[in-house]
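Examination of the molecular architecture
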Amino acid sequence: MTTSSGFQDGHGPKDPLDVLGEVGGSWGWALGLALATLIPGILVLVWPNETLHVLAVIIGLQLLIAGGFRFVTALSRNGGHEGGRLSGVLIAVVAVLAGVLVLRNPLQTVAALSLIVGAVWLLSGLLTAFVAVTDRGRRHRGVTFATGVLGVIAGIVVLAFPLDSAVALARLLGLWLVLLGIVELAGAFALRSAIRSGSQQSARGS
């Protein structure tokens, strides 16, 4: 049991990794990740005529924030087997590095921004789908797999179809961010349902 001061029954403070693991496994954290994907997508769709500089800043911040959320999620006790955790950390690192790269030079070309975002989505989608297939103990594997497939499709579309304007890129990225955000939102509420169901079963068992 943990006291209000953050100590465990006189045995010292909680391990930071344990704290991050508890936070990352909560449905509220999954909801935060979904909103970090959905809101930027809506912003980009609402204002598609903004400059490439503004688009790059929004996408760069989205990658940084999503990378942070995914890193903590990977440390969750519900994160699955070691391979799943490693994949989650790798996705987070790639997203953060891509976000830094985009923000460092936000005046880059449409082709460069498309290449960065497409590569990140393709890689993260492949890793997410891999985790869903290999981790049979993972909750709601179908939602995880759907998220991975959407990421792969989005990455392929962005990489395969060259865009010649920031407006076209904004519409495409905004659409996919909204779709991914909706799937992640469904996963967050599914996780909440699973956590509540588990708590009720534990209460009955005691």
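Please read these numbers as outputs of a predicted model, since none were measured by experiment.

1. A short note on the overall build of the protein
Within the protein, the regular secondary structure consists of seven helices and zero strands. Along the protein, from the amino end to the carboxyl end, the secondary structure elements read α-α-α-α-α-α-α. Every one of the 206 residues in the protein was classed for burial, and the buried ones make up 41%. Counted over contacts in the protein with a minimum sequence separation of 6, partners at least 24 positions apart contribute 75%.

2. Things to note about the environment of Val94
Its place among the elements puts Val94 in helix H4 (residues 82–104). A sequence separation of 26 residues divides Val94 from Val120, and the C-alpha atoms of the two residues are 6.8 Å apart. Here Val94 is in contact with Val120 and Leu123, once residues within four sequence places are set aside.

3. Observations regarding the pattern of salt bridges
On inspection of all chains with the given rule, the structure shows one salt bridge. We note a salt bridge from Glu184 to Arg70, for which the minimum N-O separation is 2.9 Å. Linking Glu184 in helix H7 (residues 166–205) with Arg70 in helix H3 (residues 52–74), this pair joins segments that are 114 residues apart in sequence. Arg70 sits in the partly exposed class, given a relative accessible area of 23%.

4. Structural notes on the nonpolar core
Leu55, Ile59, Leu113, Trp121 and Leu173 are the most contacted members of the largest nonpolar core, which has 26 residues in total. Secondary structure elements with two or more residues in this core: H3, H4, helix H5 (110–134), helix H6 (141–160) and H7. Of the residues forming this core, the biggest block, nine residues, is contributed by H7. Beyond its immediate sequence surroundings of up to four residues, Leu55 is in contact with Val44, Leu113, Ala166, Leu169 and Ala170.

5. Observations regarding H6
A rise of 1.5 Å per residue sets the reference length of H6, with its 20 residues, at 28 Å; its end C-alpha atoms lie 28 Å apart and thus fit the reference within 8%. Within H6, burial applies to Thr144, Thr147, Gly148, Leu150, Gly151, Val152, Ala154, Gly155 and Val158.

6. Description of the packing of helix H2 (residues 27–46) against H3
Across the interface, H2 lies against H3 with an axial gap of 9 Å and an inter-helix angle of 170°. Considered as vectors, H2 and H3 are oriented roughly antiparallel to each other. Touching Trp29, Gly32, Leu33, Ala36, Thr37, Pro40 and Val44 of H2 are Leu55, Ile58, Gln62, Ile65, Ala66, Gly68, Phe69, Arg70, Val72 and Thr73, all from H3. For the contact of H2 with H3, the per-class residue count stands at eleven nonpolar, five polar and one charged.

7. A word on the environment of Phe189
With respect to the helices, strands and loops of the structure, Phe189 is situated in helix H7. Its relative accessible area of 38% is what places Phe189 among the partly exposed residues. C-alpha separation for the pair Phe189 and Ala30, spaced 159 residues apart in sequence, amounts to 8.5 Å. The contacts of Phe189, once residues within four sequence positions are left out, are Trp27 and Leu31.

8. Concerning the confidence of the model for the protein
For the protein, the average pLDDT comes to 79, and 77% of its residues sit at 70 or higher. Confidence, expressed as mean pLDDT per element, reaches its minimum in the protein at helix H1 (residues 16–24) with 58 and its maximum at H5 with 89. Per-residue pLDDT stays below 50 along residues 1–10; that stretch engages in 13 contacts with residues further than four places along the chain or on separate chains.

9. Describing the environment of Ala34
If you trace the backbone, Ala34 turns up in helix H2. A relative accessible area of 1% places Ala34 in the buried class. Distance from Ala34 to Gly181, taken between C-alpha atoms, is 4.9 Å for residues 147 residues apart in sequence. Setting aside residues no more than four positions away along its own chain, Ala34 makes contact with Gly181, Glu184 and Leu185.

10. Notes on a nonpolar patch on the surface
A cluster of nonpolar side chains, namely Leu35, Ile39, Ile42, Leu43, Val46 and Trp47, defines an oily patch on the protein surface of about 530 Å² accessible area. Structurally, Val46 can be placed in helix H2.

Cut-offs used in this document
Residues numbered from 1 in each chain as written. Predicted model: local features only at pLDDT ≥ 70, side-chain atom pairs only at ≥ 80, totals over all residues. Heavy atoms only, no water. Helix = DSSP H or I, 4+ residues; strand = E, 2+ residues; numbered from the N terminus. Buried < 20%, exposed > 50% of the residue type's maximum accessible area, 1.4 Å probe, protein only. Contact = heavy atoms within 4.5 Å. Salt bridge = Lys/Arg side-chain N within 4 Å of Asp/Glu carboxyl O. Core = buried A, V, L, I, M, F, W, Y, C linked by side-chain atoms within 4.5 Å. Expected span 1.5 Å × (residues − 1). Axes fitted to C-alpha atoms, helices over the stretch in contact; angles between N-to-C directions. Parallel < 35°, antiparallel > 145°, perpendicular 65-115°, else oblique. Nonpolar A, V, L, I, M, F, W, Y, C, P; charged D, E, K, R; others polar. pLDDT = per-residue confidence, 0-100. Patch = residues over 30% accessible without salt bridge, like charges linked within 9 Å, V, L, I, M, F, W, Y side chains within 5 Å. Areas by Shrake-Rupley, 256 points an atom, 1.4 Å probe, with all protein chains shown as cover.

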